[in-house]
Amino acid sequence: MAELIIGIDLGTTNSEVAVVENGVPRVLPGDDGDPILPSFVGLADDGRLLVGKAARNQYALAPERTIKSVKRKMGEDVKVPLGEEQYRPQEVSAMILRALKDRAQKALGKDVQKAVVTVPAYFNDAQRQATIEAGQLAGLEVVRILNEPTAAALVYDPDQTSGMNVLVYDLGGGTFDVSVVRAEGGVVEVLASHGDTKLGGDDFDELLLNHLCDKFKTQHQIDLRTNTTSQARILRSAESAKRTLSDHPFARLEEEFIAEKDGVPLHLSMEVGRGEYEELIRTLIDRTMDCVQRSLDDAHLTAAQIDRVVLVGGSTRTPMVGDLLESRLGRPARKDINPDLCVAMGAAVQAAMIAGETVGAVLVDITPHSMGIKTLDPSSGDYLFGGGFSFRFAPIITRGTPLPASRSEVFSTVSDNQPSVEIDIYQGESEDVRRNHRVGMFNIEGLSKVPAGNKLVVQLDLNLDGVLKISAREKATGLVKHITIDNALARFERDERDASTARLEQLWRDRFPEVPEGEGDDDVGPDDIESEMLHGLESEGEGPSASMPALDSGPREGQREAVQARALLEKAERIRTKATTEDHSELDRLMQNVRTTLEDRNWHGLETASDALADVLFYLEDT
Ligand code: AMP
């Protein structure tokens, strides 16, 4: 049995511990079931040592007995006070590491002695040395100090063989880092790293807090920031609203009895829109984008040379982060692995590799297609409902989102007094809704008689079984209508095949108009396969010239399938050169299946293998 080595992400705000089990990394939960251990250390009023949530919870009340963000001090020759005592930063970090070690021992039922611990790429020798010492103080031999971006890259590609440039964008609670790493031949190298040790989600909370307090001051002439308790309550509320805004267009904040004026209690009751929030944080996100550019420059790479973008840290769930990165780098960022747990999993992958274990890819359930609704062309910047114009697809849950997923977006009507709206639900990746697949529709009627611009919130909930719930709510009145589609994911595959058949039939008729109805439409597959098949027959001198009836005249057993399969393989080779490296392994596997069944003259198997490959090609062609 391989030696047990755990992987630890020792973070500024949060820490986690993970191991590889049966080739797959798993983050270990604590007694409360939560895999995240807040990086807080404290002394309870009875003198007990607290690590994690309990310490974080007492921070507001007893800051003198609580330490947060000790990672910022690692490597410095300073002492931090905790109650009556003073501790070196590595001693405090050791308390966190000790808690993680205990957690692992409890979860695994085994003694744990060794660990891989991650640090930011910019950590200098003193900071790395202090981390190793913290491990020793916690009773752990640190067998490797691993750069955080390297860990994140490892989770997405444990083999590290593919030769790719990965940009890791890490935005946590208090810090921001961006690194460009090169993974090749089993080695991951950090090419460039930039960051801002004072920029993160906490700043977003602060900006939102100030915005809310300013609004409240305008309404009531009272500044809530002058009262510590009120400020703490609003900060918590703002953080929660910020999270809501990652998945929904509006968030409500309700805080009762937040202040008093002339003996009358005042409540805070406000709504924040995503746009309003994004305006507040825009400059900070822009600053991170400048760092992205600087790290590309330092790595001597252009955006087009980046093969993969990986998101790390809780704040990357902010949609604007992914959107701006995609527009800068020209490719969507990977978000399928939980950004809070990604680094710990990478540490576990490295640990397992050191122990000589084979590690597989992390498999998570994600939606393979974007889901959204049909809207008018958003030329005005706002998506609009109505009829008679060109239609666009407005994705609500985007491809690659982990399941279950719940997202909503806001849309507006186009006509004055518009009484109803048709909600047409589609799956696919094309902006042109006609190229996607309709999975259902319903009408919401009885809307208020108001001018154009009536806002409707459309929410999509997709679970692991492919059950899709769609609701539309008139924002002003709360009028709501919803439907459920039981097999949204399965239905797509069937619909996709039907659409492919229909497309092919149409093409067939357009190309060979002389063919009598019915004679040419018995065969299905991607549209250019048929023409290549005819070409193949001609060039081999075995078949008829490009005329339809020959196809129906009973070629030798397997001949037709074989020609079709060869054409399909050629097409696959072409598409492969354009596909992302992530799609290569799946494509290669499917192509190999086709080749093997072809060589074995296993015609039935060949048909199944060709169908599977054709399905993927159809999909890749569109993306
Ligand atoms: P980390 O330091 O990586 O654990 O990230 C913690 C930060 O992520 C905190 O500022 C959280 O408020 C923030 N965060 C967590 N979940 C979300 C979310 N759904 N949307 C936006 N920020 C989030």
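Calculation criteria
- Residues numbered from 1 in each chain as written.
- Predicted model: local features only at pLDDT ≥ 70, side-chain atom pairs only at ≥ 80, totals over all residues.
- Heavy atoms only, no water.
- Helix = DSSP H or I, 4+ residues; strand = E, 2+ residues; numbered from the N terminus.
- Contact = heavy atoms within 4.5 Å.
- Phe/Tyr/Trp six-rings, centres within 6.5 Å; stacked < 30°, edge-to-face > 60°.
- Buried < 20%, exposed > 50% of the residue type's maximum accessible area, 1.4 Å probe, protein only.
- Lys NZ or Arg CZ within 6 Å of the ring centre and 35° of its normal.
- Core = buried A, V, L, I, M, F, W, Y, C linked by side-chain atoms within 4.5 Å.
- Polar contact = N/O pair within 3.5 Å; in protein donor to acceptor, adjacent residues only side chain to side chain.
- Expected span 1.5 Å × (residues − 1).

Enquirer: Talk me through the overall build of the chain; I want residue IDs and the actual numbers.
Expert: Helix and strand counts for the chain come out as 14 helices and 26 strands. Restricting to contacts in the chain with at least 6 residues of sequence separation, those with at least 24 account for 64%.

Enquirer: I'd like to hear about the packing of aromatic side chains, residue by residue, with values.
Expert: For the structure shown, the criterion picks out three aromatic pairs. Geometrically, the ring pair formed by Tyr122 and Phe123 is edge-to-face, given 5.9 Å between the ring centres and 70 degrees between the ring planes. Given the relative accessible area of 7%, Phe123 is considered buried. In this arrangement the basic side chain of Lys475 is found over the ring face of Phe250, its NZ or CZ atom lying 4.1 Å from the centre.

Enquirer: Describe the nonpolar core, with residues and values.
Expert: Among soluble globular proteins, nonpolar side chains are generally buried collectively. Counting 47 residues, the largest nonpolar core has Leu167, Tyr169, Phe216, Leu224 and Leu325 as the members making the most contacts within it. Considering every element that reaches this core, the biggest residue donor is helix H7 (residues 274-298), with eight residues.

Enquirer: Account for the side chain of Thr66, naming residues and giving values.
Expert: Summarising the element assignment, Thr66 is placed in strand S7 (residues 66-67). In terms of polar contacts, Thr66 uses its side chain to reach the side chain of Gln58, at 2.9 Å. Here Ala62 takes part through its backbone oxygen, which lies 2.7 Å from a polar atom of the side chain of Thr66. Non-local contacts of Thr66, meaning those with residues more than four positions away in its chain, are made with Phe40, Val41, Gly42, Ala55, Gln58, Tyr59 and Leu82.

Enquirer: Let's hear about the environment of Phe391: which residues, and what values?
Expert: Of note, Phe391 is situated in strand S20 (residues 391-397). Sequence separation between Phe391 and Val433 is 42 residues; the distance between their C-alpha atoms is 6.4 Å.

Enquirer: So what about helix H5 (residues 201-220)? Which residues, and what values?
Expert: With 20 residues, H5 extends 28 Å from end C-alpha to end C-alpha; this agrees with the ideal 28 Å at 1.5 Å per step. For H5, the full list of buried residues reads Gly201, Phe204, Asp205, Leu208, Leu209, His211, Leu212, Cys213, Phe216 and His220. Gln221 sits one or two residues past H5 and shows a positive phi near 55 degrees.

Any link to function would need more than the numbers given here.
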